[in-house]
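# An overview of the molecular structure
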Amino acid sequence: MRIDILTIFPEMFEGPFSHSIVKRAKEKGLVEIHLHNIRDYATDKHRRVDDYPFGGGAGMVMMIEPVLHCVDALKAQRVYDEVIFMTPDGELFDQPLANQLSIQENLILLCGHYKGIDERLREHVITREISIGDYVLSGGELAAAVVADSVVRLIPGVLGDETSALSDSFQDGLLSPPVYTRPADYKGWKVPEILLSGHDRKIAEWRHEKAVERTQKRRPGLLDHE
Ligand code: 6GU
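Please read these numbers as outputs of a predicted model, since none were measured by experiment.

### Quick look at the overall build of the chain
Along its length, the chain carries seven helices and nine strands. The C-alpha atoms of the chain give a radius of gyration of 22 Å, which is well past the 17 Å a tight globule of 226 residues would have. With the principal axes as the frame, the chain shows a C-alpha extent of 70 × 40 × 35 Å. The contacts in the chain between residues at least 6 apart in sequence include a share of 75% that link residues at least 24 apart. Each charge class in the chain can be summarised by its mean position, and for the 27 positive and 36 negative side chains these summaries are 7 Å apart.

Printed below as a string of structure tokens:
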């Protein structure tokens, strides 16, 4: 998979993509993540990327040309499955959407700033709009990092244990059951006996029971659909 991220703050991605699973996925050649500074595609000598909104009002609007020139330069090199705009008024990101994106070949993630981007980009260039939740971030960068992280870890071969993405919270529509490690008894805080029994089927049943119980208690809405 290849992910191209368009942003005016490429430095914001240095941390999230340089550690842990995403770092390993890049090293294994399972994903390429390319950052593009939209300002490099500005057409005027001040490298301007935003301008005042027609009709007045507060905040600046990202201009068509720098974004479009960057997208077009990328599209000239390969076919993109989606050109995604990160925006709080987009479709809510969830695990099924992460799964869907993880089987794509080439993705563009556009990070907005200021009051947003010129609506004509949304009409003519953007194929999908994603929000990571009902709160406002100062830009799309952190949201793009969240989406890239959740998608990359689903690419086959990225996780060492092939089953571990399948046992994630949400992957089966349930929250994950509690987990424990050594010591089995920490000053009287004991691990549930069943987990020490070696009885695989009973352990699997217990985990499923706990997952349902936890989902019922914390996120009953997850049990409603389907
Ligand atoms: Cl994708 N962008 C911004 N600016 N804020 C958000 C968001 C995206 N998703 C939730 N809040």
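### A look at the side chain of T215
For T215, the location among the structural elements is in helix 6 (residues 200-218). Judged by its relative accessible area of 0%, T215 is buried. Setting aside anything within four residues of it in sequence, one finds T215 in contact with G173, L174, L175, P220, L222 and L223.

### Description of the pattern of salt bridges
A side chain with one charge may pair with a side chain of the opposite charge, provided their charged atoms come close. In total, this model carries 13 salt bridges according to the counting rule given. In this structure, D40 engages R47 in a salt bridge whose closest nitrogen and oxygen atoms are separated by 2.9 Å. R47 gets classed as partly exposed once you look at its relative accessible area, which sits at 38%. One salt bridge connects R153 with D168, and the closest N-O pair in it is separated by 2.6 Å. One end of the pair, R153, is in the loop between helix 5 (141-152) and strand 8 (185-186); the other, D168, is in the loop between helix 5 and strand 8, with 15 residues separating them in the sequence. Three or more residues are tied together by salt bridges with common partners; here these are R2, D4 and E32.

### A closer look at the nonpolar core
Of all hydrophobic cores here, the largest spans 31 residues; its most connected members are I3 and L101. Contributions of two or more residues to this core are made by strand 1 (2-7), helix 1 (20-27), strand 5 (82-92), helix 3 (95-102), strand 6 (106-111) and helix 5. Sorting elements by how many residues they give to this core places helix 5 first, with seven residues. Once you skip the residues sitting within four places of it in the chain, I3 turns out to touch V31, E32, I33, H34, L107, L109, A148 and V152. Within the second largest apolar cluster, 19 residues are counted, among which are I38, C70, F85 and L110.

### A few points about the site of the ligand
Surveying the vicinity of the ligand reveals the residues M86, T87, P88, I130, S131, I132, G133, Y135, L137, G139, G140 and A143. Within the contact set of the ligand, a nitrogen atom lies 3.4 Å away from a side-chain nitrogen or oxygen of S131. With the chains in place, 96% of the 290 Å² that the ligand exposes on its own is no longer accessible. Mapped by element, the contributors of at least two residues to the shell around the ligand are strand 5 and strand 7 (128-131).

### Some remarks on helix 3
Taken as a whole, helix 3 has its buried residues at Q95, L97, A98, L101 and S102. End-on, the buried residues of helix 3 take up no more than an arc of 160°, which puts them together on one face. Residues of helix 3 that are buried make contact with strand 5, strand 6, strand 7 and helix 5. The backbone nitrogen of L97 has a side-chain oxygen 3.1 Å away, supplied by the residue at the start of helix 3, namely D94.

Quick notes on the rules
Residues numbered from 1 in each chain as written. Predicted model: local features only at pLDDT ≥ 70, side-chain atom pairs only at ≥ 80, totals over all residues. Heavy atoms only, no water. Helix = DSSP H or I, 4+ residues; strand = E, 2+ residues; numbered from the N terminus. Rg over C-alpha atoms; globule rule 2.2 N^0.38 Å. Contact = heavy atoms within 4.5 Å. Lys, Arg positive; Asp, Glu negative; His and termini not counted. Charge placed at Lys NZ, Arg CZ, Asp CG, Glu CD. Buried < 20%, exposed > 50% of the residue type's maximum accessible area, 1.4 Å probe, protein only. Salt bridge = Lys/Arg side-chain N within 4 Å of Asp/Glu carboxyl O. Core = buried A, V, L, I, M, F, W, Y, C linked by side-chain atoms within 4.5 Å. Near = heavy atom within 4 Å. Polar contact = N/O pair within 3.5 Å; in protein donor to acceptor, adjacent residues only side chain to side chain. Areas by Shrake-Rupley, 256 points an atom, 1.4 Å probe, with all protein chains shown as cover. Arc of directions from axis to C-beta.

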